[in-house]
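# Inside the fold
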Amino acid sequence: MAAQQQQMGTNNPQMNVQPPAGLQQQQQQQQQQLSQQQDFDPVHRFKMLIPQLKESLQNVMTIASQHFGYNAAIDNGQRTTEMGNDAAVQRFDKSLEEFYALCDQVELCLRLAHECLSQSIDSTKHSPNLVPTATKPDTVQTESLSYSQYLSMIKSQISCAKDIHNALLECSKKIAGKGQ
C-alpha cells in the first residue's frame, strides 16, 4: 500500500513541490513581455514567417504540378474537361495568393528592419556619446558627454533643424511666387 501511495505521489515531497505563486506569476509576465517584444521585432517576425513561406511555396508547387498533370491528361485525350474528378485538384489561384501575401509580409518585415537599422545608425552618428544618468553612476563611460555639452549639442541640432525649415519655407514661397 505504501508503494502505491509513493507511485501516486502523495508521500513523495519532491513530486508536490511547486514554485511559489508569485514566482510563477512573475515568470508568466516576463514571458508575455518577451512575446510582445518579439511580435514587434521585425527580424523575429521574419524568422517566424520563413517556415510558413516555405510551406506555402511547397503547396503552390504541389498544386501547380497537379494542374499540369491534369491538363496533360486532357491534352492526351485521357480525360475530358468534365468536373467529375476535379475535386482533388485544389485552386491554384488561392494558394498563389496566399504565397504572395506571405511574400508581402516578409518584404514589410525586411523594410521595417532596414528602417530600424538606418535610424539606429543615424542616432549613433548624430549623438554618439551618451549622457551619464544619475541613477547609474557606476556605468559612466570616459567618452560620455557632460550635461552642458549635451545641451549645447541639442541646441545646435535645433538650430540646424530651424535653418532647414526656414530654407524649405523660403523655397516653397519662391515656387508659389513663380506659379502665379
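Basis of the calculations
Residues numbered from 1 in each chain as written. Predicted model: local features only at pLDDT ≥ 70, side-chain atom pairs only at ≥ 80, totals over all residues. Heavy atoms only, no water. Helix = DSSP H or I, 4+ residues; strand = E, 2+ residues; numbered from the N terminus. Contact = heavy atoms within 4.5 Å. Areas by Shrake-Rupley, 256 points an atom, 1.4 Å probe, with all protein chains shown as cover. Salt bridge = Lys/Arg side-chain N within 4 Å of Asp/Glu carboxyl O. Buried < 20%, exposed > 50% of the residue type's maximum accessible area, 1.4 Å probe, protein only. Expected span 1.5 Å × (residues − 1). Phe/Tyr/Trp six-rings, centres within 6.5 Å; stacked < 30°, edge-to-face > 60°. pLDDT = per-residue confidence, 0-100. Core = buried A, V, L, I, M, F, W, Y, C linked by side-chain atoms within 4.5 Å.

### Quick look at the overall build of the protein chain
- On a plain count of helices and strands, the protein chain comes out with 5 helices and 0 strands.
- Taken from N to C terminus, the helices and strands of the protein chain fall in the order α-α-α-α-α.
- Long-range contacts, defined as pairs at least 24 residues apart, comprise 56% of the intrachain contacts of the protein chain with a sequence gap of at least 6.
- Element-wise, carbon and sulfur atoms account for 55% of the exposed surface of the protein chain, whose accessible area totals about 15200 Å².

### Things to note about the pattern of salt bridges
- For the structure on display, the rule yields 3 salt bridges.
- In this structure, Arg-111 and Glu-107 form a salt bridge, with 2.7 Å as the shortest nitrogen-oxygen distance. Of this pair, Arg-111 and Glu-107 both sit in helix α4 (residues 92-126), separated by 4 residues, roughly a single helical turn.
- On the accessibility criterion, Arg-111 (55% relative accessible area) is exposed.
- As a salt-bridge pair, Lys-174 and Glu-170 come within 3.8 Å of each other at their nearest N and O atoms. Of this pair, Lys-174 and Glu-170 both sit in helix α5 (residues 147-179), 4 residues apart, roughly one helical turn.

### Quick word on α4
- Between its first and last C-alpha atoms α4 spans 51 Å; for 35 residues at 1.5 Å apiece the expected length is 51 Å, and the two agree.
- For α4, the complete set of buried residues consists of Ser-95, Phe-99, Leu-102, Val-106 and Cys-109.
- In this structure, the buried side of α4 is in contact with α3 (42-75).

### Remarks on the packing of aromatic side chains
- Under the defined criterion, the tally for this structure stands at 1 aromatic pair.
- Ring centres of Phe-99 and Tyr-100 lie 6.1 Å apart, and the angle between their planes is 50°; this geometry places the pair in the tilted category.
- Accessibility expressed as a relative area gives 49% for Tyr-100, which makes it partly exposed.

### Remarks on the side chain of Ser-56
- Summarising the element assignment, Ser-56 is placed in helix α3.
- Apart from residues no more than four positions distant in its own chain, Ser-56 is found in contact with Ser-95, Glu-98, Phe-99 and Leu-102.

### Structural notes on the confidence of the model for the protein chain
- For the protein chain, mean pLDDT is 77; residues scoring 70 or higher make up 65% of the total.
- Confidence over residues 1-17 falls short of pLDDT 50; this stretch has 5 contacts with residues more than four positions distant or in other chains.

### What about the environment of Leu-108?
- Residue placement: Leu-108 occurs in helix α4.
- Assessed through its relative accessible area of 58%, Leu-108 is described here as exposed.
- Sequence separation of Leu-108 and Pro-42 is 66 residues, and the distance between their C-alpha atoms is 8.4 Å.

### Here we look at the side chain of Ser-95
- Mapped onto the elements, Ser-95 comes out in helix α4.
- Judged by its relative accessible area of 4%, Ser-95 is buried.
- Contact partners of Ser-95, with chain neighbours within four places excluded, come to Ser-56, Asn-59, Val-60 and Ile-63.

### Here we look at the nonpolar core
- With 7 residues, the main nonpolar core is built from Leu-49, Leu-53, Val-60, Phe-99, Leu-102, Val-106 and Cys-109.
- Those elements that place two or more of their residues in this core are α3 and α4.
- For this core, the leading source of residues is α4, giving 4 residues.
- Leaving out residues up to four positions away in the same chain, Cys-109 has contacts with Pro-42, Arg-45, Phe-46 and Leu-49.

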